[in-house]
Amino acid sequence: MDCRQTHRFQITHTSIINQQQFVIETKSNSPQDKERQKADSLKQEGNQFMQNFNYKDAIKKYSQALKLNPDFLIVNLNRSLAYLKLNQYRQCIQDCIHFINTYPQQTHQRELYLQKAYYRKAMAHMNLKQFPQAVRDADKCIELNPIDGESNQLKSDLNKKFYEIRDFIWPMIARFELLNIFQEIRQRPQETKWYLSSSGSILNVIEFIDRDSQLHHTYNIKASLVPIILQLLLEDVNEQVNFVEKYDGVKKICNKIRFMIDKTKEITESAIYDTIEDYLEVFLIFENPQILYELNKYIYPEFFTAILPLYATESDLVSTFLQVCTNLCYQESEMKLIFSECHSNVMFQISSVLDYLVKNNNVRLYTKTVDFLTNLMTNNYIRVMMFNIDGQKILRKFKAVYMEYDFDLGILFWVNLFNTEGVEMGTVVQDLKIFQLMINSLDLDIYDYALKIFISLAHFCSHLFISEKNQDVIILLQRLSKRIRTYEQNLPLLATLIKLILQLNPQDQTVYIVFQQSIKTLIQILDHKNGDSKTKCVELLTILNRDETIAQEIHRQRGSYHLKQK
């Protein structure tokens, strides 16, 4: 075989590799050596299946070899070809990525093997219509070997595909044919997005934001097509970054929303509010809200004061807007700080929404309002202000609202409100006193829910519960223990309450009375329940009985009580 023939054979990316695994021969035949030899034998069997076009069995043999020796990287490369032949493109890509990332440097024929891996990976991406990735891998192949015919042909095929899409899409963009562009993105999303992003034509779509001003005068579906097209194009994280940093997209959309809000004063019969919502939804697809920092200056006060009062007539728009606000209130974000500085005005607006929700059932608006308030409660300044006179009015309204809706949805609001982590002890005691007043005012029907709130509070201020001098906690526990009803669903809550009591000073008479009352309630549930309820109670008592103090109290109250599950 001459050199030219040898070179042609080596760069054929659809060939398998028969390279023997390198094993240092020693006199000792260790178990590791046997496994390597067995893996090499399985690889040879897999190669034979490949030559016979039996790709499924080849994959089985290659997988068995890798199980014996995970570092046998050539097998990953061979298996990637079998996956490619069976149209299992994602598995092919995974094998290629593993090979590329782990194949050793300074290895014989390394560039040849890497070229094979990049070529197969490019083919898999192209068949998945992941064209940007396919182009990058094809370029890498040509970089490794500029004269490789297969790699250059692949790049040529990708370019041809690109020009076909360009010739089809560009006239639509030039003629401002929004509906056709939208339909094309829906029918051929990968190809269309590839062209728009690679050619920079996404900028033309962004420019549509300023070109559709006449579409808002009627109920015209085209008015919403621009933001909907943007949502489809910005699903990729890299495009989101380009949209903000390269194309100044946040400013363009906010100016558009500002224009539409102003138009509502003169246009009464149109879908303009729906279009505003569609533009706001563009911001909801961003995976990293931190890059939307420029949005903060538009949200409050301008958009907040213009959009939130529409809760009665445009509840979907208000719900979406509140969701945007919630996303921007991450950790100690600038948006959260802005809301904290203007908390009085913010809470005044939210108060009106709560009044509306008490009288009108609107689950989506309720959900987004709760999420927004819950995030605000992670700001210590805002949560402390909730305990002043105006804040307590909001709390009473919130209590009235969550009684009408899903209790579990509002639990995080109370958890954040009473989160005492990093808060001074005086504030914690103040929180507990206010919570105690709330407990006293609660109807019996929602008492279980209130107890869950208290347990959440206990989780966040466990340091307070081991204090021997805090009578506020003791009195609150006493009230709680008396009001627990004898329903089996209360058992886990009761168990938690008993454990909390045990953290307090056992010598305190009040603490001891609370402890006795809790054990008594538990035994009453056991005595008056049958079937599954009794079983659950016995299981709980079995767990609690492991604590010596609890076991002694159970024994004292019931004499020679023995736990028996019937």
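In the block above lies the structure referred to throughout.
Rules behind the numbers
Residues numbered from 1 in each chain as written. Predicted model: local features only at pLDDT ≥ 70, side-chain atom pairs only at ≥ 80, totals over all residues. Heavy atoms only, no water. Axes fitted to C-alpha atoms, helices over the stretch in contact; angles between N-to-C directions. Helix = DSSP H or I, 4+ residues; strand = E, 2+ residues; numbered from the N terminus. Parallel < 35°, antiparallel > 145°, perpendicular 65-115°, else oblique. Left-handed = near helix turned anticlockwise from the far one by under 90°. Contact = heavy atoms within 4.5 Å. Nonpolar A, V, L, I, M, F, W, Y, C, P; charged D, E, K, R; others polar. Phe/Tyr/Trp six-rings, centres within 6.5 Å; stacked < 30°, edge-to-face > 60°. Buried < 20%, exposed > 50% of the residue type's maximum accessible area, 1.4 Å probe, protein only. 1 Å grid on protein atoms, 1.4 Å probe; cavity = no way out; pocket = protein on both sides within 12 Å on 5 of 7 lines; lining within 4 Å. Points joined across faces, edges and corners; volume = space filled by probe spheres on them. Core = buried A, V, L, I, M, F, W, Y, C linked by side-chain atoms within 4.5 Å. Salt bridge = Lys/Arg side-chain N within 4 Å of Asp/Glu carboxyl O.

K.L.:
Would you take a moment to explain the packing of helix α5 (residues 89–102) against helix α6 (residues 110–127) for this structure?
P.N.:
Between two packed helices, what matters for the description is the angle formed by their axes and the separation of those axes. Running from N to C, α5 and α6 point in directions that differ by 150°, and their axes come no closer than 9 Å. Comparing their axes, α6 and α5 come out roughly antiparallel. Along this stretch, α5 crosses α6, giving a crossing that reads as left-handed. Across the interface between the two elements, Tyr89, Cys92, Ile93, Cys96, Ile97, Phe99 and Ile100 of α5 pack against Tyr113, Leu114, Ala117, Tyr118, Arg120, Lys121, Ala124, His125 and Asn127 of α6. Across the contact of α5 with α6, the residue classes break down as 12 nonpolar, 2 polar and 2 charged.

K.L.:
Hey, could you run me through the packing of aromatic side chains in this one?
P.N.:
In the structure shown here, the tally under the stated rule is 15 aromatic pairs. Ring centres of Phe162 and Tyr195 lie 5.4 Å apart, and the angle between their planes is 55°; this geometry places the pair in the tilted category. Taken as a pair, Phe162 in helix α8 (residues 149–174) and Tyr195 in helix α10 (residues 189–198) lie far apart in primary sequence, 33 residues in all. Comparing Phe162 with Tyr195, the two get one shared label, buried. Both rings, one in Tyr298 and one in Phe303, keep their centres 6.1 Å apart while their planes meet at 25°; by these two values the pair is stacked. Across this residue pair, the class does not change: Tyr298 and Phe303 are buried.

K.L.:
How should the layout of surface pockets be read in this particular structure?
P.N.:
What the largest pocket holds in volume is close to 480 Å³. Elements supplying a minimum of two residues to the lining of the largest pocket: α7 (131–144), α10, α12 (222–233) and α13 (237–245).

K.L.:
Looking at this structure, I do not really get the environment of Ile97. What am I missing?
P.N.:
If you trace the backbone, Ile97 turns up in helix α5. Accessibility expressed as a relative area gives 37% for Ile97, which makes it partly exposed. Measuring from C-alpha to C-alpha, the distance between Ile97 and Ala117 comes to 7.8 Å, with 20 residues separating the pair along the chain.

K.L.:
Before we go on, may I ask you to explain the nonpolar core in this structure?
P.N.:
Among the nonpolar cores identified, the biggest contains 130 residues, and Ile299, Phe339 and Phe372 are the most heavily contacted of them. Broken down by element, this core gets its largest block of residues, 9 residues, from α6. Setting aside anything within four residues of it in sequence, one finds Ile299 in contact with Phe304, Phe321, Val324, Cys325, Leu328, Met335 and Phe339.

K.L.:
In this structure, what is going on with the packing of α8 against α10? I would like to understand it.
P.N.:
In the contact formed by α8 and α10, the axes pass within 9 Å of each other and the chain directions differ by 85°. Here α8 lies roughly perpendicular to α10, going by the angle between them. On α10, the residues that touch Leu158, Lys161, Phe162, Ile165, Arg166, Ile169, Trp170 and Ile173 of α8 are Glu191, Thr192, Trp194, Tyr195, Leu196 and Ser198. Classifying every residue of the contact of α8 with α10 gives 9 nonpolar, 2 polar and 3 charged.

K.L.:
Looking at this structure, I do not really get the pattern of salt bridges. What am I missing?
P.N.:
For side chains of opposite charge, pairing can occur when their charged atoms come near one another. Evaluated as defined, the whole model comprises 18 salt bridges. Note that Arg79 and Asp95 form a salt bridge whose closest N and O atoms lie 2.7 Å from each other. With a gap of 16 residues between them, Arg79 in helix α4 (residues 73–85) and Asp95 in helix α5 connect regions that are remote in the sequence. Given a relative accessible area of 14%, Arg79 falls into the buried group. Where Asp137 meets Lys121, a salt bridge forms, and the shortest distance between an N and an O atom there is 3.0 Å. Of this pair, Asp137 sits in helix α7 while Lys121 sits in helix α6, and the two are 16 residues apart along the sequence. Owing to a relative accessible area of 6%, Asp137 belongs among the buried residues under this scheme. Each of the salt bridges in this network shares a partner with another, and the network as a whole consists of Glu277, Asp316 and Arg364.

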